[in-house]
Amino acid sequence: MFYQLYELNHAAMQPLRAYADVVKLLYSNPLNPASHTAFGRSIAATAELFERTTRRYAKPDFGLKETTVDWKKVPVTEKIVWSRPFCRLIHFERDLPAGRRRDPKLLIVAPMSGHYATLLRGTVEAMLPHADVYITDWADARMVAVGEGRFDLDDYIDYVIDMFHELGPDTHVMGVCQPSVPVLAAVALMEARKDRFVPATMTLMGGPVDTRRNPTAVNILAKQKGMAWFRDNVIMQVPWPEPGFGRDVYPGFLQLSGFMGMNLDRHITAHKDFFLHLVKNDGDGAEKHRDFYDEYLAVMDLTAEFYLQTVDTVFIRHALPKGEMTHRGTPVDPKAIRNVALLTIEGENDDISGLGQTQAAHDLCINIPDDMRVHYMQPAVGHYGVFNGSRFRADIVPRIVDFISSYGRKQPAPAQKTRKSA
């Protein structure tokens, strides 16, 4: 019933949001003399703050229309190259000159932990000049009809393996945060089967490979509460009239409450500063706030079976580092990985995946040669800074590019098309 009450409350607030919009337009219109006073700007700021804190944020667009390759601007086009009920694979196709040597294929596996794949917009943008980029676009579970079936951690791993097959050999993979475990599991399963489509390199960033190391508040909560608590308190059914009506999910609004609660004082301060920027007519400061929270507050539902299996496998039983993880009855053995170069990246101040949790992958993948493994810890960044921001662009991206270039196979230039004579 809680989900239904949330939806009812959101609908009941719609007239107030509409009224707030009208007030904001009235007191920010330059033809209104009050808009040029601190009083008028305060009224407009209050109305906008109310509207923004009570709205539901839609899935953002990537909006990446161009990039720079070889010091030249080139257009970028989004194309869906693979699709399943719970995920689409987006290719950011660059319009490069004919005959130019191909860049490495990079599959970015975005986290399915509440936010949309667009949270990695900065990650994609930073890698576009150096690679042929693909990213997983996970679906909002409340938008997937019950008739499409279940989706759990085993299905997630199957999806990743299918994507490797779709992209072909000599693909590089980057797992950001939550996907570190399923990506590592997928690669281990493929190596054990001697699958020729196994990726050339695997980059794991800020991921919970072994949450027993430096456990964070998130890890401690999962261990303290246990599976029964999560099943009884955070799993709800999608209400009518959503397409996924009747599906058991972990709702996005509950996840957002958890995200906000971890750093509540910081978010309160950010909204206070936003109000002051509006009153002072500081357009740049206000716009930065809008850009960040338009992304941060856009959340999606997760299927109950995926969420509960992930909590149990990764955060409670620590199945992968203990050697107890299975995929549809088959043991997941990281020791099977021999031919995939491994790069792990962590942030010094990460309060989601503590230091050492991602580096643990090296202790599991003991048969990867020493000269094919690298670990890097980025000083002075938190979880978000591992895959976004100025330090990511300046310090981490060059290391990823160098790693991929060092261990990937050389990509030949595409064959030239010859014209048939008339």
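Structure shown above.
I will try to describe carefully the structure that is included in this document. Bear in mind the structure is a predicted one, so any value in this text is a computation, not a measurement.

Moving on, we get to the overall build of the protein. The secondary structure content of the protein amounts to 14 helices and 14 strands. On the principal axes, the C-alpha backbone points of the protein span a range of 70 × 65 × 50 Å. Counting all 422 residues of the protein, 53% fall into the buried class.

Once that is clear, we can look at the pattern of salt bridges. Per the counting criterion, the structure on display carries 26 salt bridges. Here Arg-52 makes a salt bridge to Asp-294, at a shortest N to O gap of 2.8 Å. Taken as a pair, Arg-52 in helix α3 (residues 38-54) and Asp-294 in helix α10 (residues 283-296) lie far apart in primary sequence, 242 residues in all. In this structure Asp-294 comes out as partly exposed when scored by relative accessible area, which is 28%. The partner of Arg-100 in a salt bridge is Asp-70, and the shortest N-O contact between them spans 2.7 Å. Residue Arg-100 is found in the loop between β3 (87-94) and β4 (105-109), and its partner Asp-70 is found in the loop between β1 (66-69) and β2 (72-84); the two are separated by 30 residues along the sequence. Overlapping salt bridges bring together Glu-7, Arg-56, Asp-140, Arg-142 and Glu-242 as one network.

Relative to each other, helix α5 (residues 153-167) and helix α11 (residues 304-316) sit at 95°, their axes nearing to 8 Å. By the angle between their directions, the pair α5 and α11 is classed as roughly perpendicular. Here Leu-153, Asp-154 and Tyr-156 of α5 lie close against α11, whose contacting residues are Phe-306, Gln-309, Thr-310 and Thr-313. Its residues placed into classes, the contact of α5 with α11 shows three nonpolar, three polar and one charged.

What follows concerns the side chain of Asp-154. Note that Asp-154 resides in helix α5. Although Asp-154 lies buried, it forms no salt bridge, and the closest oppositely charged side chain, Arg-328, sits 4.4 Å away as judged by the N-O distance. Those residues in contact with Asp-154 that lie beyond four places of it in its chain are Gln-309, Thr-326, His-327 and Arg-328.

In spatial order, the strands read β1-β2-β3-β5-β4-β6-β7-β13-β14; together these nine strands make up an open sheet with mixed pairing. Unpaired on one side and paired on the other, β1 and β14 (373-378) mark the two borders of the sheet. Going across the sheet, the axis of each strand differs from the next one's by a mean of 25°, ignoring polarity. Relative to strand β6 (residues 171-176), β4 runs parallel, the two sharing five bridges.

Within the fold, Leu-276 resides in helix α9 (residues 264-279). Taking the relative accessible area as the measure of exposure, Leu-276 reaches 36% and is therefore partly exposed. Between the C-alpha atoms of Leu-276 and Leu-342, which are 66 residues apart in sequence, the distance is 46 Å.

What follows is about the sheet that holds strand β9 (residues 248-250). The strand order across the open sheet built from three strands is β8-β9-β10, with neighbouring strands paired in antiparallel fashion. The open sheet has two edge strands, β8 (236-237) and β10 (302-303), and neither has a second partner. Note that β9 and β10 share two bridges and pair antiparallel. Within β10, the position partnered with Val-249 by the bridge is Thr-303. Set on the sheet, helix α8 (residues 252-262) makes contact with β8, β9 and β10; between it and β9 the angle comes to about 20°.

Reading guide: rules and limits
Residues numbered from 1 in each chain as written. Predicted model: local features only at pLDDT ≥ 70, side-chain atom pairs only at ≥ 80, totals over all residues. Heavy atoms only, no water. Helix = DSSP H or I, 4+ residues; strand = E, 2+ residues; numbered from the N terminus. Buried < 20%, exposed > 50% of the residue type's maximum accessible area, 1.4 Å probe, protein only. Salt bridge = Lys/Arg side-chain N within 4 Å of Asp/Glu carboxyl O. Axes fitted to C-alpha atoms, helices over the stretch in contact; angles between N-to-C directions. Parallel < 35°, antiparallel > 145°, perpendicular 65-115°, else oblique. Contact = heavy atoms within 4.5 Å. Nonpolar A, V, L, I, M, F, W, Y, C, P; charged D, E, K, R; others polar. Lys, Arg positive; Asp, Glu negative; His and termini not counted. Pairing = 2+ DSSP bridges.

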